[in-house]
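# Coordinates in review
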Amino acid sequence: MMKKVLVTGATGFIGSNLLEHLVGQDLEVYRGVRQLNANSDEFDVSCDLADLSSISSISENYNFDVIVHLASAIGWSGQSYEDMFVSNVLATGALGHIACQMGSDFIFASAALVHGKSSDSINDLSQINLDTEYARTKYEAELLLKSILPEACILRIGGVFGHHGPSHLGINRSIAEAISGVAPVLYGDGENLRNYIYVDDLTLIISDVIAREISGTYLIAGQEAQSVKSMLQEICDELLNGRDFVRENDSAHFQDQIITPSPELLNGRSFRSALASIRGKANK
């Protein structure tokens, strides 16, 4: 019997890439979408995080072996805790409840930011530091989920980059600019270190979690830490034939944030290898 998998946030950046990766595997994959419409098909499932009744009704019509919960209200535009509470906390609990009813495995996309936006270094032993409202909702969702489904798998994910990646992450803006032929801009001295995860590597990790039925809480990030300046230079080398980036306010310096990924999960590729993959996608 093929496993039936529900992916919430299926039309988002991570979700759409995950669906592409799961195609052809021995899985029957359903897409959790906010609203059904004339273009919906039998694999689309109504799952509006702001409407808990749409979540509770899922168990009336489906029985999933795995729920991958990627959908979320994002706090990058100044949303308050109250703005995000239902979608991020209560909806996660509601999905955990129906997973418990179905006996489903549950994979929850949380955020490494629960250890602090202002933290220079994050690892599995780092303290919780809820210095943003978004992180607060994610951590409260974790606690609620664990109270309902102790065997859930919680992935605390760092910054994710890739082709058509969300622009709130500066490296995604730089990649998009380079693909369009525009030199990216370096703000500050660029010496601050980051280790973002390539979206294709993240989808491989999630797929492996599904296959191995992994539970527990894990940090997800890239394997190599690089300066922002080094990453921009590699973007120019790979996507702009070696043109230089533009410098803005060279004297400013921003903090490091290096996330040590949990060793139990798959490793990601190098940043340059990821850029080669992105170049191939952009040229299709």
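Everything quoted here is computed from the prediction, not taken from an experiment.

Right, let's talk about the nonpolar core for a bit. Counting 50 residues, the largest nonpolar core has Val68, Leu155, Phe161, Ile171 and Ile235 as its most contacted members. Other than its neighbours up to four places away in sequence, leucine 155 contacts Ile107, Phe108, Ala109, Ser110, Ala111, Ile206, Tyr218, Ile220 and Leu265. Among the nonpolar cores identified, the runner-up in size contains 22 residues, and Leu6, Ala99, Phe108 and Ile154 belong to it.

Inspection of every chain in the model, using the stated rule, returns 14 salt bridges. Note that lysine 281 and aspartate 200 form a salt bridge whose closest N and O atoms lie 2.8 Å from each other. Residue lysine 281 is located in helix α9 (residues 271-282), and its partner aspartate 200 is located in helix α7 (residues 199-212); the two are separated by 81 residues in the primary sequence. Where arginine 269 meets aspartate 201, a salt bridge forms, and the shortest distance between an N and an O atom there is 2.8 Å. Of this pair, arginine 269 sits in the loop between β15 (258-259) and α9 while aspartate 201 sits in helix α7, and the two are 68 residues apart along the sequence.

With that settled, the discussion passes to the side chain of serine 207. For serine 207, the position within the fold is in helix α7. Taking relative accessible area as the criterion, serine 207 reaches 10% and is therefore assigned buried. A polar side-chain atom of serine 207 sits 3.3 Å from a polar atom in the side chain of glutamine 25. Residues in contact with serine 207, not counting those within four places in the same chain, are His21, Leu22 and Gln25.

A separate point is the pairing of strand β4 (residues 66-69). Going residue by residue along β4, you find Val66 and Val68 tucked away on one face and Ile67 and His69 tucked away on the opposite face as well. Across four bridges, strand β1 (residues 3-8) lies against β4 in parallel orientation. Counterpart to valine 7 in the pairing with β4 is valine 68. As paired elements, β4 and strand β5 (residues 105-111) share four bridges and run parallel to each other.

Moving on: the sheet that holds β5. The parallel open sheet is built from seven strands, whose spatial order is β3-β2-β1-β4-β5-β7-β12. On the outer flanks of this sheet lie β3 (44-46) and β12 (216-220), each paired with one strand and no other. Taken over all neighbouring pairs, the strand axes of this sheet differ in orientation by 20 degrees on average, direction set aside. Contacts from helix α5 (residues 133-148) reach β5, β7 (153-157) and β12 within the one sheet, and its direction differs from that of β5 by about 160 degrees.

This next bit is on α7. The end-to-end C-alpha distance of α7 is 20 Å, a good match for the 20 Å that 14 residues give at a rise of 1.5 Å each. The buried fraction of α7 is high, at eleven of 14 residues. Phi turns positive one or two residues past the end of α7, at glutamate 213, with a value near 50 degrees.

With that settled, consider unusual backbone geometry. Of note, the phi angle at glutamate 213 is positive, near 50 degrees, even though the residue is not glycine. Here asparagine 249, not a glycine, exhibits a phi torsion of approximately 55 degrees, which is positive. Turning to its location among the elements, asparagine 249 is positioned in the loop between β14 (246-248) and β15.

What counts as what
Residues numbered from 1 in each chain as written. Predicted model: local features only at pLDDT ≥ 70, side-chain atom pairs only at ≥ 80, totals over all residues. Heavy atoms only, no water. Core = buried A, V, L, I, M, F, W, Y, C linked by side-chain atoms within 4.5 Å. Buried < 20%, exposed > 50% of the residue type's maximum accessible area, 1.4 Å probe, protein only. Contact = heavy atoms within 4.5 Å. Salt bridge = Lys/Arg side-chain N within 4 Å of Asp/Glu carboxyl O. Helix = DSSP H or I, 4+ residues; strand = E, 2+ residues; numbered from the N terminus. Polar contact = N/O pair within 3.5 Å; in protein donor to acceptor, adjacent residues only side chain to side chain. Pairing = 2+ DSSP bridges. Axes fitted to C-alpha atoms, helices over the stretch in contact; angles between N-to-C directions. Expected span 1.5 Å × (residues − 1).

No statement about biological role is implied by the geometric values presented.
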